[in-house]
Amino acid sequence: MLESFRHEESLVGSFIHLVVKRDLDALTESELHCEAAYAQMLLIKAVMNFIEGENMINFITGALGIKNSYKLYQELHDYLGSRPSAALDNHFTSSVCFGYGMFTLYLSLIPQKVLNMLEVVGIHGNKEDGIVALKRGESVDGVMSDLSALIILHYNLMISPFARIPIDKPETDKLLEKYLTKYPTSVIFNLMRGKREMTKKCPHSAAAVYTAALNSETDWEYVKFTLHLELCWTSMATGDWAKCAYHAKVQFESSNRSKTFCAYLEMIALYHKSPGDTAALVKLAEEVPKHLLVIAGKHIHVEKYCIRKARSFLKNKNFLFCPAYELMYFFGISAFCDDKRLRL
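Residues numbered from 1 in each chain as written. Predicted model: local features only at pLDDT ≥ 70, side-chain atom pairs only at ≥ 80, totals over all residues. Heavy atoms only, no water.

An account of the overall build of the protein chain is requested, with residue identities and associated values reported.
A count of helices and strands for the protein chain gives 18 helices and 2 strands. When burial is assessed residue by residue, the protein chain has 46% of its 344 residues classed as buried. Per element, the accessible surface of the protein chain, about 18,400 Å² overall, is 60% carbon and sulfur. (Helix = DSSP H or I, 4+ residues; strand = E, 2+ residues; numbered from the N terminus. Buried < 20%, exposed > 50% of the residue type's maximum accessible area, 1.4 Å probe, protein only. Areas by Shrake-Rupley, 256 points an atom, 1.4 Å probe, with all protein chains shown as cover.)

Go over the packing of aromatic side chains, please, and point to the residues and values.
The final tally for this structure, using the stated rule, is 15 aromatic pairs. Centre to centre, the rings of Tyr179 and Phe189 are 5.2 Å apart; their planes meet at 10 degrees, and the pair counts as stacked. Here the residue Tyr179 occupies a position in helix H9 (residues 169–182), and Phe189 occupies one in helix H10 (residues 187–199), the gap between them amounting to 10 residues. Accessibility expressed as a relative area gives 7% for Phe189, which makes it buried. Aromatic pair Tyr183 and Phe189: ring centres 6.1 Å apart, planes at 10 degrees, arrangement stacked. Among the aromatic side chains, those forming a connected cluster through ring pairs are Phe162, Trp233, Phe261, Tyr264, Tyr305, Phe330 and Phe331. Of note, Arg164 hangs over the ring of Tyr329, and the distance from its end group to the ring centre comes to 5.7 Å. (Phe/Tyr/Trp six-rings, centres within 6.5 Å; stacked < 30°, edge-to-face > 60°. Lys NZ or Arg CZ within 6 Å of the ring centre and 35° of its normal.)

Can you break down helix H7 (residues 127–139) residue by residue, with the values?
The terminal C-alpha atoms of H7, which comprises 13 residues, lie 18 Å apart, in line with the 18 Å expected from a rise of 1.5 Å per residue. Those residues of H7 lying buried are Gly130, Ile131, Ala133, Leu134, Gly137 and Glu138. Viewed along the axis of H7, the buried residues span an arc of 165 degrees, placing them on a single side of the element. Seen from the open side of H7, the exposed residues pointing more than 90 degrees away from its buried face are Val132 and Ser139. (Expected span 1.5 Å × (residues − 1). Arc of directions from axis to C-beta.)

Account for unusual backbone geometry, with residues named and values stated.
Positive phi outside glycine occurs at Asp141, with the angle close to 60 degrees. Among the secondary structure elements, Asp141 is positioned in the loop between H7 and helix H8 (145–163). Backbone geometry places Cys322, a non-glycine residue, at a positive phi of 45 degrees. Tracing the backbone shows Cys322 in the loop between helix H16 (301–315) and helix H17 (323–330).

Account for the pattern of salt bridges, with residues named and values stated.
Counted by the stated rule, this structure contains 9 salt bridges. A salt bridge links Glu326 to Lys309, with the nearest nitrogen and oxygen atoms 3.1 Å apart. In this pair, Glu326 is assigned in helix H17 and Lys309 in helix H16, connecting sequence segments 17 residues apart. (Salt bridge = Lys/Arg side-chain N within 4 Å of Asp/Glu carboxyl O.)

Residues and numbers for the environment of Pro289, please.
Checked against the element boundaries, Pro289 lands in the loop between helix H15 (278–287) and strand E1 (294–295). Pro289 sits 19 residues away from Arg308 along the chain, and the two C-alpha atoms are 8.8 Å apart.

Describe in detail the packing of H7 against H8, supporting the description with residues and values.
Two numbers describe how H7 lies on H8: the axes approach to 7 Å, and their chain directions differ by 145 degrees. Once H7 is placed against H8, the crossing between them reads as left-handed. Between H7, through Lys127, Ile131, Leu134, Lys135, Gly137 and Glu138, and H8, the contact on the second element is made entirely by Ser145, Ser148, Ala149, Ile151, Ile152 and Tyr155. In the contact of H7 with H8, the residues fall into 6 nonpolar, 3 polar and 3 charged. (Axes fitted to C-alpha atoms, helices over the stretch in contact; angles between N-to-C directions. Left-handed = near helix turned anticlockwise from the far one by under 90°. Contact = heavy atoms within 4.5 Å. Nonpolar A, V, L, I, M, F, W, Y, C, P; charged D, E, K, R; others polar.)

Give a description of the confidence of the model for the protein chain that names residues and reports values.
With 85% of its residues at a pLDDT of at least 70, the protein chain reaches an overall mean of 84. Confidence scores differ between elements of the protein chain, with helix H2 (residues 11–16) showing the lowest mean pLDDT of 44 and H9 the highest of 95. Between residues 11–19, whose pLDDT stays under 50, and residues either more than four places distant or in other chains, the model counts 3 contacts. (pLDDT = per-residue confidence, 0-100.)

Please provide a residue-by-residue account of the state of the cysteines, values included.
This structure, assessed with the given rule, holds 0 disulfides. Counting only cysteine sulfurs, Cys232 is the nearest neighbor of Cys244, a cysteine outside any disulfide, at a range of 4.4 Å. Judged by relative accessible area, which is 0%, Cys244 ranks as buried. (Disulfide = S-S within 2.5 Å.)

How would you explain the side chain of Thr260 if you had to name every residue and give the values?
Mapping Thr260 onto the fold places it in helix H14 (residues 259–273). A distance of 3.1 Å separates a polar atom in the side chain of Thr260 from the backbone oxygen of His291. Leave out the neighbours within four places in its chain, and Thr260 touches Val288, His291, Leu292, Glu303, Cys306 and Ile307. (Polar contact = N/O pair within 3.5 Å; in protein donor to acceptor, adjacent residues only side chain to side chain.)

Okay, structure coming up:
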């Protein structure tokens, strides 16, 4: 459908634009909006190819789709930079800034060797450019403003702590205050609020926020899975192993997302809570390898780690050395424990 609304070009014009930028001033406002929507659809289709495909053809198709989407977003963003803000539609501006900002921000997190390879085909990652674009997209009050804010919060509260990157606390607090006032019952923004409480080393407050959000959300399975996982982390941070085992068990029984990880999480929580319950621990350890996922033809590294640790538990006469604390360090949860808890 989007193809039917896009600006029509001749065959000669298409070849020319492979080496020369298009003159976007020739496009109408509706055609510009269509270009932004088309870039977004290209990205979604490419990501689905990566996730669902298990062969090299799907991988190449997805990579080309991402490249085309990035090029289109870059072209539209350059157009924004050449025009006065007052002359642009807010919805178009927010859509382009969201797509371009998300691309450049997340690409900057890719290892430098991989990024150098991507730069050969014209794909660049820059954290500062990405943040600036997302802030502009959030500020113009357009259709993608809320998602731009969400990407900034996701980067600061979920990626930065895990990657040991300093958090922009003033910007994070400002966005949370603004959007929780606008959407006080939003599960997503309350999830981010809980993450902010964790960065303050207040796991009890974070657990209260997550529990309230979980009680209000019943339909979105991915959000429920994430909330249960976050409650596992808060329980680990406070040493409540029974609650951690409960939430891990709920994840394992109600979700198809990484049952291997959920089974291992329940196992190590039970190991710290009741180390003498050998029968239950052995049963969980044997369950861990049975649900290994394959995504884009590859196994998930965290799941392979869980399987290796479960086999080590069985091999070493049902013994592991502080497995929960090892996992807490791996995911950066130890940074969210208060000083008293760490000394214990």
